[in-house]
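A structural walkthrough
Okay, here's what each chain looks like letter by letter:
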Amino acid sequence: MEFKIHFSARAHTYTKEEEDAVLEAMRNANPLTQGQNLHEFEAKLCRYIGGRHAFGVCNATAALELAAQLCCFDKGDEVVIPSHTFTSSAYPFAKSGARIVWADIDPHKRVVTAQTIADKVTSKTKAVVVAHLYGYGADMAEIMEMAKRHNFLVIEDAAQALGVEVEGKMAGAYGDFGVLSFHSHKNISTLGEGGALMVRDKELAALVPGLRHNGHCSFLAKRNDYWIPAMGNVDFPQINGRVFWPNNYCIGEVECALGLKLLDRINVINQKKRERAIRFIDALADFPELEFHRVPSSRHNYHLLAAKLTNGKRDEFIRRMAGDKKIQCVVQYYPLNRYPLYQTAGFGDADCPNADNFFDNMVSFPFHHSLLDSDLDYILQSTQDVLKELRA
Ligand SMILES: Cc1ncc(COP(=O)(O)O)c(C=O)c1O
């Protein structure tokens, strides 16, 4: 189908200064990976998110894989994960040996809360994944309080929530692990791929460089001949007698150089997305057929602009927006328990009525940062027209 307005997987354009940073790194960064830009990017992320160990990685999925490894699951351990999230919030934890238990979302906030995970937490729960989906920061204080009481680890999947503040603290700064994404679709992107892992515990953080980079480490003994026995050593990162197979999840210097610049712009991008979202939502106040999550504060960065259709006509709405108006709306976050991958792996059962109901009635509008105001006005006018038609 030909669209006038696509649901773009590219979120934003780059400024001249950002392009120059890329060119400078292309010409002069040496080496092109694991260099000064990575160190500066990690230090800046630490300052921005607040007081944790930050590690740049090739994408958020790699960060989730590392977090899952560092949870140190034993046989029988369970991990509670929202059924309504992106797939890589979940499968790394199954790969690392945990049994997935699906948690429901709050019907209005569209993320998990302490209440929605309460009945899924048992003595077997080793970890809980909280996804700040759509760019809304979940109620972290209550969840962290519950984690303390029940002694489970918390992984914040803040892939969609860079720059989101939850009660005075950044999303990603609460949990034992915080995960960020700089994928093409996110509010800032390091040329398509990129991510970061925030780690609270100092000893676990010390394992990440080796885990991220093939288990590379130094030969310990002082050497007279620097090339003997070889240029570098390889060993298992380990802690308390537990060893980990390593990975290569590194991010390049060009991406880090760009990330450094983009961190200066994320608050401005988030602010613009939020203002536009609120304007869009308010302009549809006379259409109760569409239920938005309206949050006019830094608690939401409106990475995505999603709504629930309350008239039971979701598919007809999207069909008309696509067919008549040439606007590509989509539905997102198929409950993970419905995917063949999770069903085959034995995680096909879920008791998540709010997630099912939201997904079955939701629509996600094109909402990338580089949309023109005239595009947004056209989406708004078309939405009003189609909703009126559907009343007839
Ligand atoms: C909630 C969530 N978690 C994880 C990811 C994975 O991010 P990446 O593409 O950087 O691996 C995404 C990406 O869409 C996401 O939306």
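Residues numbered from 1 in each chain as written. Predicted model: local features only at pLDDT ≥ 70, side-chain atom pairs only at ≥ 80, totals over all residues.

Some thoughts on the overall build of the protein chain
What the protein chain contains, in helices and strands, is 13 helices and 16 strands. Taking 392 residues into account, the globule formula puts the C-alpha radius of gyration at 21 Å, and the protein chain, at 22 Å, falls close to it. Here the C-alpha coordinates of the protein chain stretch approximately 85 × 55 × 40 Å along the principal axes. Considering only intrachain contacts with a sequence separation of at least 6, the fraction spanning at least 24 residues in the protein chain is 73%. (Helix = DSSP H or I, 4+ residues; strand = E, 2+ residues; numbered from the N terminus. Rg over C-alpha atoms; globule rule 2.2 N^0.38 Å. Contact = placed C-beta atoms within 7 Å.)

A word on the domain arrangement of the protein chain
What the domain assignment reports for the protein chain is domain 1 (16-262) and domain 2 (266-391). On a C-alpha basis, the centroid separation for the pair domain 1 and domain 2 is 27 Å. On the side of domain 2, 30 residues touch domain 1, which itself brings 34 residues to the contact. For the side of domain 1 that touches domain 2, the secondary structure elements donating two or more residues are helix H4 (91-95), strand E3 (99-103) and strand E6 (165-166). Residues belonging to the side of domain 1 that touches domain 2 are distributed by class as follows: 18 nonpolar, 10 polar and six charged. (Domains from an automatic or database assignment. Nonpolar A, V, L, I, M, F, W, Y, C, P; charged D, E, K, R; others polar.)

Notes on helix H13 (residues 373-391)
Every α-helix winds through 3.6 residues per turn, so residues three or four apart in the chain are directed the same way. Here H13 is 19 residues long and its end C-alpha atoms lie 27 Å apart, about the 27 Å a rise of 1.5 Å per residue gives. When H13 is considered as a whole, its buried residues turn out to be Leu376, Ile379, Thr383, Val386 and Leu387. Projected down its long axis, H13 carries its buried residues within an arc of 100 degrees, all on one side. Pointing more than 90 degrees away from the buried face of H13 are the exposed residues Asp373, Ser374, Gln381, Lys388 and Glu389. Turning to H13, the residues buried within the fold contact helix H9 (266-283), strand E14 (290-292), helix H10 (314-323) and strand E16 (362-365). (Expected span 1.5 Å × (residues − 1). Buried ≥ 20, exposed ≤ 12 C-beta atoms within 10 Å, placed from the backbone. Arc of directions from axis to C-beta.)

Here's the deal with the environment of Gly323
Inspection of the secondary structure puts Gly323 in helix H10. C-alpha of Gly323 to C-alpha of Asn270: the two residues are 53 residues apart in sequence and 31 Å apart in space.

Observations concerning the sheet that holds strand E9 (residues 195-199)
Taking strand neighbours across the sheet as the criterion, the seven strands line up as E1-E9-E8-E5-E4-E2-E3 in an open arrangement whose pairing is mixed. Looking at which strands have only one partner, the edges of the open sheet turn out to be strand E1 (53-57) and E3. The average angle at which neighbouring strand axes cross in this sheet is 20 degrees, direction not considered. For strand E8 (residues 177-181) and E9, the ladder comprises five bridges, and the chain directions are antiparallel. The partner of Val179 across the bridge, within E9, is Leu197. (Pairing = 2+ DSSP bridges. Axes fitted to C-alpha atoms, helices over the stretch in contact; angles between N-to-C directions.)

Section: the sheet that holds E14
Spatial strand order, E14-E15-E16: three strands in an open sheet with antiparallel pairing. In this open sheet, the two edge strands, each paired with only one partner strand, are E14 and E16. Sheet twist, expressed as the average angle between the axes of neighbouring strands with direction ignored, equals 35 degrees.

Focus on the site of the ligand
Near the ligand you find 15 residues, and of these Asn59, Ala60, Thr61, Ala159 and Ser181 are the closest. Looking at side-chain class alone, the shell around the ligand contains five nonpolar, nine polar and one charged residues. (Near = placed C-beta within 6 Å.)

As for the packing of H10 against H13
Two elements in contact, H10 and H13, have axes separated by 10 Å at closest approach and are oriented at 130 degrees. By the angle between their axes, H10 is oblique relative to H13. You can see that H10 and H13 cross each other, and the crossing is right-handed. Residue-level contacts link Glu316, Phe317, Arg320 and Met321 of H10 to Ser382, Val386, Glu389 and Leu390 of H13. By residue class, the composition of the contact of H10 with H13 is four nonpolar, one polar and three charged. (Parallel < 35°, antiparallel > 145°, perpendicular 65-115°, else oblique. Left-handed = near helix turned anticlockwise from the far one by under 90°.)

Section: the packing of helix H2 (residues 36-49) against helix H8 (residues 253-262)
Two numbers describe how H2 lies on H8: the axes approach to 8 Å, and their chain directions differ by 35 degrees. As for how H2 packs across H8, the hand of that crossing is left-handed. Of the residues in H8, those touching H2 at Asn37, Leu38, Glu40, Phe41 and Lys44 are Glu253, Cys256, Ala257, Gly259 and Leu260.

Examining the environment of Ser218
Along the chain, Ser218 turns up in the loop between strand E10 (216-217) and strand E11 (233-234). With 14 residues separating them in the primary sequence, Ser218 and Gly232 have C-alpha atoms 5.7 Å apart. Not counting residues within four places of it along the chain, the set of residues in contact with Ser218 comprises Gly232 and Asn233.

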